[in-house]
Amino acid sequence: TWITKAGETALSQGTNTIPAGTYTVTASNYADEAAALKANGSWGDAFYQGSKSEVVVNKGANTDISIACGKAQNARMKVNFNLLASFTNVKLVADPTTTEPAYTGRNLEFNTGENAGKLAYFAASATVKCKLSYTFSGSVKEKNFDFVLAGAATENVISVTTNDDGTI
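Residues numbered from 1 in each chain as written. Predicted model: local features only at pLDDT ≥ 70, side-chain atom pairs only at ≥ 80, totals over all residues. Heavy atoms only, no water.

A. Focus on the layout of surface pockets. As a volume, the largest pocket reaches approximately 800 Å³. Contributing to the lining of the largest pocket are 30 residues, with L11, G14, T15, N16 and T63 lying nearest its centre. Elements with a minimum of two residues in the lining of the largest pocket: β1 (3-6), β3 (21-28) and β4 (49-57). If you tally residues by element for the lining of the largest pocket, the top one is β3, at three residues. Classifying every residue of the lining of the largest pocket gives 15 nonpolar, 13 polar and two charged. (1 Å grid on protein atoms, 1.4 Å probe; cavity = no way out; pocket = protein on both sides within 12 Å on 5 of 7 lines; lining within 4 Å. Points joined across faces, edges and corners; volume = space filled by probe spheres on them. Helix = DSSP H or I, 4+ residues; strand = E, 2+ residues; numbered from the N terminus. Nonpolar A, V, L, I, M, F, W, Y, C, P; charged D, E, K, R; others polar.)

Below is the structure:
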């Protein structure tokens, strides 16, 4: 469902009646980027938006326009796991709260179980705080790092690979 507006007037699909005038018409797939990032149980979704300015609407006439929304305005992140069986409880938790305070509570856990293959969306300029944890030979290990996203309309991949000496 696309959200379209002529100035501050919400438009619906089909025919709309608005007063004659000059408008900036906008279209987006969510109300704003924050709403897109909260979608899908806070895993987020791609956010598209576009606008056309100086659209003249004349009284009694139809005005057809086309708005190109282009590429996603946010960035996508995924984690690929290539693990030996000797590594257990492997997970990567992504938490953007320190650099994106508006999106608190999004501690997203990537793992090889129920969240295998999940995609997460973040603001294009986000630095995502990550914590990788795993168990090897009965010992729990953790590694914290920052992951800087490459910008809008990019897929950012973290590859987690293990070897037989306990190193990821």
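B. Fine view of the sheet that holds strand β2 (residues 9-11). The antiparallel open sheet is built from four strands, whose spatial order is β2-β1-β3-β4. The open sheet terminates on both sides in strands that have one partner only, identified here as β2 and β4. Across the sheet, the axes of successive neighbouring strands diverge by a mean angle of 25°, strand direction being ignored. In this sheet, β4 lies alongside β3 in antiparallel orientation, the contact comprising seven bridges. Following the sheet pairing, T26 is matched in β4 by S51. (Pairing = 2+ DSSP bridges. Axes fitted to C-alpha atoms, helices over the stretch in contact; angles between N-to-C directions.)

C. Looking closely at the nonpolar core. Counting residues in each nonpolar core, the largest one holds 23 residues, and the members touching the most others are M77, L92, F110, F122, V128 and I158. Within the residue set of this core, elements represented by two or more residues are β5 (74-82), β6 (87-95), β7 (108-111), β8 (119-123), β9 (127-136) and β11 (155-161). If you tally residues by element for this core, the top one is β9, at five residues. Each residue touching M77, except ones within four places of it in the same chain, is listed here: L92, A94, F110, K118, L119, A120, F122, V128, C130, F147, N156 and I158. With six residues, the next largest nonpolar core counts A6, Y23, V25 and V55 among its residues. (Core = buried A, V, L, I, M, F, W, Y, C linked by side-chain atoms within 4.5 Å. Buried < 20%, exposed > 50% of the residue type's maximum accessible area, 1.4 Å probe, protein only. Contact = heavy atoms within 4.5 Å.)

D. Focus on the sheet that holds β6. Spatially, β7-β6-β9-β10 is the arrangement adopted by the four strands of the open sheet, whose pairing is antiparallel. What marks the edges here is a single partner per strand, and that holds for β7 and β10 (139-148). For this sheet the average axis-to-axis angle between neighbouring strands, irrespective of direction, equals 20°.

E. Summary view of the side chain of S28. Relative to the helices and strands, S28 resides in strand β3. Given a relative accessible area of 8%, S28 falls into the buried group. There is a polar contact of 2.6 Å between the side chain of S28 and the backbone oxygen of Y30. The residues contacting S28, other than those within four sequence positions of it, are T1, W2, I3, F47, Y48 and Q49. (Polar contact = N/O pair within 3.5 Å; in protein donor to acceptor, adjacent residues only side chain to side chain.)

F. Representation of the pattern of salt bridges within the structure. Throughout the structure, instances matching the rule amount to five salt bridges. In this structure, the salt-bridge partner of K91 is E109, at a minimum N-O distance of 3.9 Å. Here E109 lies in strand β7 and K91 lies in strand β6, a separation of 18 residues in the sequence. When its relative accessible area of 31% is taken as the criterion, K91 is described as partly exposed. Linking K129 and D146 is a salt bridge whose minimum nitrogen-to-oxygen distance equals 2.9 Å. Remark: D146 occurs in strand β10 and K129 occurs in strand β9; sequence separation between them is 17 residues. Salt bridges sharing common partners tie together R76, K78 and E155. (Salt bridge = Lys/Arg side-chain N within 4 Å of Asp/Glu carboxyl O.)

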